[in-house]
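Inside the fold
So you can see what is in the structure, the chains are spelled out below.
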Amino acid sequence: MARKTATRRATGRTILLVDDNPEYLEATGRVIEREGHNLLRAKDGPEALEILRTQHVDLCLLDFVMPGMNGEEVVVQLRKFDPLVQVILQTGYASEQPPRELLQRLDIQGYFDKSEGPERLLLWTDVGLKAAAAVQTLSRGRQGLRYILDVTPELHKIQPLEHLLQGILMQISAFIGAGNSFVAVIPENRKDHGLTASGFVAILDEEMGLEIKASTGTFADKRTLTDCLSPSGMELVKRAISAIEIQREEGITVLPLRVGEHLVGVVYLDGIANGEKDTELLLVFANQAAVAIQNSQLYEMATLDPMTGVYVRRFFEQWLLRELRNAFRNHRPIALIMMDLDKFKRINDTAGHLVGDQALIATGEALHEAVRSGDIVGRFGGDEFAILLPQTDADGARRVGDRALELLKKNKVTTPDGELALAGSIGCAVLHPHAFDDNSLPRPIPPAYFQRNLKALLKCADEAMYVAKNAGGSRVHVATNLEWASFEDEAVKRKED
């Protein structure tokens, strides 16, 4: 009878024993506790329901005949708020055994005749706990899939790669309960990132070609694997990317992100819960994340200027057209800044094009720093840049222009004549909210109308920029108010025709 006398290791399972007989409750409770289970006791139905509402319970051993509220009534109330708790009814006499139809209707696992002794009770307990584990696993799988379906649209929307990676990290950390984590991606400028698994192992000594782009917890603000990981952690990452498979060790999970056989990057997670049980769901999420990362990389390759990191002109003008429509519809102002670097030809002629490229890179960084998250920075060609400022009036546009000039001045390039601080000539144009009667507007508004206003806004900002340049440069000039074109304008009608 070793089961009755030796206390086993804790199982992590919680059992609620419900019985109106204090002696049975105490004696049976000791038997269950010696099996290593966490035991909760209740003397009647209402007390049992209160425990079930407030605490996690895997299995309920429930007396069938109790005064006030019998076992059937307890189960009926329980199923109103928890369909997962497994229930085994206990009976004192064979005549109390509930009919099979009742077991099916209440969705319970069976019944135990108390006269059969503790060994039979422990057998039923084992059966009930196994059923609980299976039901909880299925439930967690459904919840996980629902979670993935909910977050997938967010992953695949158009957004900067940095924002996407941080979002992936937050979502996957929340999904499995990781505290310290980072996402590392393979930079697009490496020519060997598309090698097969065995070939990719050859560049592991070069920090595996991975750059950390998003991080949390103890890894926050770190950018290299050697800053984050111990030798054992590095080895785990190497195994993950060489095998392109999930690797786990002592609470750490390394999840490779791949599209087919192409490795995009890895997610490193430290401090996880239920990791082994979530493997398949993690793979589903990782596949979605990898495709989203690859699409974002391709999107940025098509829309971003590779030197300065700002948007190319064609994309910028498409975005400007979209924001013009939004500004018109919502009666909001919209501002446009045009900027030309001062003395850029002199930099190229005296210091060379490499130094000129450095000046352009520094300009892109300064303009990015000068704007809000919803603003758009573009390069129109050469040393000419543009900034789109939705919902911004003349004062707001001037402030952005002044901030851009201040940030530019902090960057210097070396020329044969010495160090030269960067400067620019900035022109601002603002298209104010229209005063048309919305009920009198043509529906739909002709696309040519917005094209005409786009050209007018670009022309106005460009002319303001040359006013600033002709006045000596390194200044901001704000153009006079620009109004929306009239719908009676014959040029618009000809465009529409």
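This section reports on the structure supplied with the text.

Rules used throughout
- Residues numbered from 1 in each chain as written.
- Predicted model: local features only at pLDDT ≥ 70, side-chain atom pairs only at ≥ 80, totals over all residues.
- Heavy atoms only, no water.
- Helix = DSSP H or I, 4+ residues; strand = E, 2+ residues; numbered from the N terminus.
- Contact = heavy atoms within 4.5 Å.
- Areas by Shrake-Rupley, 256 points an atom, 1.4 Å probe, with all protein chains shown as cover.
- Pairing = 2+ DSSP bridges.
- Axes fitted to C-alpha atoms, helices over the stretch in contact; angles between N-to-C directions.
- Parallel < 35°, antiparallel > 145°, perpendicular 65-115°, else oblique.
- Left-handed = near helix turned anticlockwise from the far one by under 90°.
- Nonpolar A, V, L, I, M, F, W, Y, C, P; charged D, E, K, R; others polar.
- Salt bridge = Lys/Arg side-chain N within 4 Å of Asp/Glu carboxyl O.
- Buried < 20%, exposed > 50% of the residue type's maximum accessible area, 1.4 Å probe, protein only.
- Phe/Tyr/Trp six-rings, centres within 6.5 Å; stacked < 30°, edge-to-face > 60°.
- Expected span 1.5 Å × (residues − 1).

Brief notes about the overall build of the chain
Each helix and strand counted, the chain has 17 helices and 18 strands in total. In the chain, the proportion of contacts linking residues at least 24 apart, taken out of those at least 6 apart, comes to 69%. Carbon and sulfur atoms make up 51% of the accessible area of the chain, which totals about 24,700 Å².

As for the sheet that holds strand β1 (residues 14–18)
For sheets, the rule is that strands pair by backbone hydrogen bonds, running either parallel or antiparallel. As summarised here, the arrangement of the five strands in space is β2-β1-β3-β4-β5, forming an open sheet in which the pairing is parallel. Since the sheet does not close on itself, it has two edges, and those belong to β2 (38–42) and β5 (110–113), each with one partner. The average undirected angle you get between the axes of adjacent strands in this sheet is 20 degrees. In this sheet, β5 lies alongside strand β4 (residues 86–91) in parallel orientation, the contact comprising four bridges. Opposite Thr91, over in β5, you have Asp113 as the bridge partner. Along the sheet, helix α2 (residues 22–34) makes contact with β1, β2, β3 (59–63), β4 and β5, crossing β2 at roughly 170 degrees. Against the sheet, helix α4 (residues 71–78) makes contact with β3 and β4, and its axis sits at roughly 145 degrees relative to β3, the strand it touches most.

Section: the packing of helix α3 (residues 45–54) against α4
Two numbers describe how α3 lies on α4: the axes approach to 10 Å, and their chain directions differ by 25 degrees. Accordingly, the angle class assigned to the pair α3 and α4 is roughly parallel. The handedness of the crossing between α3 and α4 is right-handed. Along its contact with α3, which presents Gly45, Leu49 and Leu52, the element α4 presents Val74, Gln77 and Leu78. Along the lines of polarity and charge, the residues of the contact of α3 with α4 split into four nonpolar, two polar and no charged.

Some points on the pattern of salt bridges
Under the criterion given, the structure shown has 17 salt bridges. The residue Asp19 makes a salt bridge to Lys114 at a minimum N-O spacing of 2.5 Å. Remark: Lys114 occurs in the loop between β5 and α6 (118–156) and Asp19 occurs in the loop between β1 and α2; sequence separation between them is 95 residues. Given the relative accessible area of 0%, Asp19 is considered buried. For Arg120, the salt bridge identified is with Glu116, shortest N-O distance 3.2 Å. Residue classification places Arg120 among the partly exposed positions, given a relative accessible area of 38%.

Remarks on the packing of aromatic side chains
Within a pair of aromatic rings, the relevant descriptors are the distance that separates the centres and the angle that separates the planes. As enumerated under the stated definition, the model contains 14 aromatic pairs in all. Measuring from centroid to centroid gives 5.6 Å for Phe316 and Phe380, while their planes differ by 80 degrees, and the two rings are edge-to-face. Of this pair, Phe316 sits in helix α12 (residues 313–330) while Phe380 sits in strand β13 (residues 376–381), and the two are 64 residues apart along the sequence. The exposure class assigned to Phe380 is buried, which follows from its relative accessible area of 12%.

Points about the sheet that holds strand β11 (residues 311–312)
One open sheet holds the six strands; their spatial order is β11-β13-β14-β12-β17-β18, and the pairing between them is mixed. The sheet terminates laterally at β11 and β18 (475–478), the two strands that pair on one side only. Contacts from helix α16 (residues 447–470) reach β12 (334–341), β13, β14 (384–390), β17 (424–431) and β18 within the one sheet, and its direction differs from that of β17 by about 145 degrees.

Quick word on α12
Under the 1.5 Å per step criterion, the end-to-end length of α12 is 25 Å for 18 residues, consistent within 8% with the ideal 26 Å. When we look at burial in α12, the residues that qualify are Phe315, Phe316, Leu320, Leu321, Glu323, Leu324, Ala327 and Phe328. Just downstream of α12 lies His331, where phi reads positive at about 55 degrees.

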